[in-house]
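Understanding the architecture of this molecule
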Amino acid sequence: MLSVFVPSDVSLKKAAVGDLAALPDTAVWVDLVNPTGEEDRAVERLAGIAVPTREDMQEIEISSRLYIENGARYMTATLMCQSDTDMPRTTAVTFILSGHRLVTVRYDAPKPFALVENKLARACAPGITGEMVLVELLDAVIDRCADILERAGADVDQVSHDIFEPESERHGHAKQYSQILIQIGRKGDLTSKVRESLVSIGRVVTFLSAVMEGMKWSKDMREQLKTMQRDVASLTDHASYLSSKITFVLDAMLGVVNLEQNNIIKLFSVMAVVLMPPTLIASIYGMNFKVMPELEWAHGYPLALIMMLAAAIVPYWLFKWKKWL
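A brief look at the structure comes next.

With respect to the overall build of the protein chain
Each helix and strand in the protein chain was counted, giving nine helices and seven strands. The principal-axis extent of the C-alpha atoms belonging to the protein chain is close to 115 × 40 × 35 Å. The buried share of the protein chain, taken over its 325 residues, is 42%. Put simply, 65% of the contacts in the protein chain that link residues at least 6 apart link residues at least 24 apart. Carbon and sulfur atoms make up 59% of the accessible area of the protein chain, which totals about 18400 Å².

Let's talk about the nonpolar core
Judged by nonpolar contacts, the single largest core of 60 residues is most densely connected at Leu12, Trp29, Met75, Phe95, Ile201 and Leu208. Contributing elements (two or more residues each) for this core: β5 (72-81), β6 (89-98), α4 (111-122), α5 (130-164), α7 (177-211) and α8 (219-284). In terms of residues, this core owes the most to one element, α5, which gives 16 residues. When near neighbours in sequence (up to four residues on either side) are disregarded, Phe95 contacts Arg73, Tyr74, Met75, Ala77, Leu79, Leu102, Val103, Thr104, Phe113, Leu134 and Leu137. Ranked by size, the runner-up nonpolar core spans 22 residues in total, among them Ala47, Ile49, Met57 and Val103.

Description of a nonpolar patch on the surface
Where nonpolar side chains cluster on the molecular surface, the patch consists of Leu280, Ile284, Tyr285, Met287, Phe289, Trp297, Leu303 and Met307 and spans about 750 Å² of accessible area. Structurally, Trp297 can be placed in the loop between α8 and α9 (300-321).

Brief notes about the pattern of salt bridges
Tallied over the full model, the rule gives nine salt bridges. As a salt-bridge pair, Asp157 and Lys245 come within 2.2 Å of each other at their nearest N and O atoms. Here Lys245 lies in helix α8 and Asp157 lies in helix α5, a separation of 88 residues in the sequence. One salt-bridge network, in which partners are shared between bridges, spans Asp84, Arg144 and Arg151.

Focus: the environment of Leu254
For Leu254, the location among the structural elements is in helix α8. Taking the C-alpha atoms as reference points, Leu254 and Asp139, 115 residues apart in sequence, are found 39 Å from one another.

Structural notes on the packing of aromatic side chains
Taken as a whole, this structure holds four aromatic pairs when the rule is applied. Arranged with centres 6.4 Å apart and planes meeting at 40 degrees, the rings of Trp29 and Phe113 form a pair that is tilted. Of the two residues, Trp29 is situated in strand β3 (residues 29-33) and Phe113 in helix α4; the sequence distance between them amounts to 84 residues. For Trp29, a relative accessible area of 0% puts it in the buried group. A relative accessible area of 2% places Phe113 in the buried class. Relative to Trp321, the ring of Trp317 lies with its centre 6.1 Å away and its plane at 5 degrees, an arrangement referred to as stacked.

Regarding the pairing of β3
Here β3 lies mainly inside the structure; five of its five residues are buried. Burial along β3 is two-sided: the residues Trp29, Asp31 and Val33 and Val30 and Leu32 are all buried. Here four bridges tie strand β1 (residues 2-8) to β3, and the two strands are oriented antiparallel to one another. Across the sheet, the residue bridging to Leu2 is Leu32, located in β3. Bridge count for β3 against strand β7 (residues 101-106) is five bridges, and the pairing is parallel. For Val30, the partnering residue across the bridge sits in β7 and is Val103.

A word on the packing of α4 against α5
Two elements in contact, α4 and α5, have axes whose closest approach is 9 Å; the angle formed by their N-to-C orientations is 130 degrees. Compared by their axis directions, α4 and α5 come out oblique. For α4 against α5, the interelement crossing comes out right-handed. Seen from α4, the contacting residues are Lys111, Pro112, Phe113, Val116, Lys119 and Leu120; seen from α5, they are Val133, Glu136, Leu137, Ala140, Val141 and Arg144. Across the contact of α4 with α5, the residue classes break down as eight nonpolar, no polar and four charged.

Remarks on the sheet that holds β6
Hydrogen bonding along the main chain pairs the strands of a sheet, whether they run parallel or antiparallel. With respect to topology, seven strands assemble into an open sheet ordered β2-β1-β3-β7-β6-β5-β4, the strand pairing being mixed. What marks the edges here is a single partner per strand, and that holds for β2 (11-15) and β4 (66-69). If you compare each strand with its neighbour and ignore which way they point, the axes differ by 25 degrees on average. Along the sheet, α4 contacts β1, β2, β3, β5, β6 and β7; its crossing angle with β2, the most-contacted strand, is approximately 115 degrees. Those strands touched by α7 are β4, β5 and β6, and its axis lies near 160 degrees from that of β5.

The rules behind each value
- Residues numbered from 1 in each chain as written.
- Predicted model: local features only at pLDDT ≥ 70, side-chain atom pairs only at ≥ 80, totals over all residues.
- Heavy atoms only, no water.
- Helix = DSSP H or I, 4+ residues; strand = E, 2+ residues; numbered from the N terminus.
- Buried < 20%, exposed > 50% of the residue type's maximum accessible area, 1.4 Å probe, protein only.
- Contact = heavy atoms within 4.5 Å.
- Areas by Shrake-Rupley, 256 points an atom, 1.4 Å probe, with all protein chains shown as cover.
- Core = buried A, V, L, I, M, F, W, Y, C linked by side-chain atoms within 4.5 Å.
- Patch = residues over 30% accessible without salt bridge, like charges linked within 9 Å, V, L, I, M, F, W, Y side chains within 5 Å.
- Salt bridge = Lys/Arg side-chain N within 4 Å of Asp/Glu carboxyl O.
- Phe/Tyr/Trp six-rings, centres within 6.5 Å; stacked < 30°, edge-to-face > 60°.
- Pairing = 2+ DSSP bridges.
- Axes fitted to C-alpha atoms, helices over the stretch in contact; angles between N-to-C directions.
- Parallel < 35°, antiparallel > 145°, perpendicular 65-115°, else oblique.
- Left-handed = near helix turned anticlockwise from the far one by under 90°.
- Nonpolar A, V, L, I, M, F, W, Y, C, P; charged D, E, K, R; others polar.

Below is the structure:
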């Protein structure tokens, strides 16, 4: 799918494309989503660039993601998709600046694109260029990563409370440790993907800072770019901190599970020790020897019961006194 955006007064509107051979020269942003070969060729004729293939966008080396070719600046970043679901994923998006026109190539639908499209459709600066649209997109991506990290941090805090909640709150219901472990795993996966995206965006912003001298950017845009660099650095640090916290919560969770398992095993061991003397007494008087003096006792049966009860109480009291229970 191909979307073309052209300036209109103080907004950026989507132009209707009836013929790919006649794309408007006034377009400042061309958005390619799952492009066909015909759409690729039409954009290449309009912007004088070579649209990278999906395989090219998947390359991980920096030289294949950030480079200049025939005066056009190619920047490929990894963005988050479906972060609000249980199966978040990342996708590669390529930004191409050719002259004052921006071309984006993507095979998924990151939320910042829709947000920026709606924002610029309502209002934008007069004389908007592709560089301005690029800055808006990068700013929206950074804001989106910040929102995801804030939500993930709140969720991790809730998981931590569930693990370390007071004994009084824990009484009366079984803790679903398997569900907590799944939540920890999902938050860890989400945080690692956000950090990957932030590192990728940071490289794009650094690349833009290095090449903006020849792009004649305004002072406001330069300042905005510096602000984005600081935001990316701080968010990357926060993502690293959150990853460390998730690791701590996971270790604590496994420790709590081990403690509860040990308590259960200890309880069985204590019960076995407490019941062993009464069992011994019952076994002795359950033997079928012909000559057993106690068999003739008139009060032998109640006396044996009292002995078994005492043999069970004494070890239990000893364990309590030693604070082993």
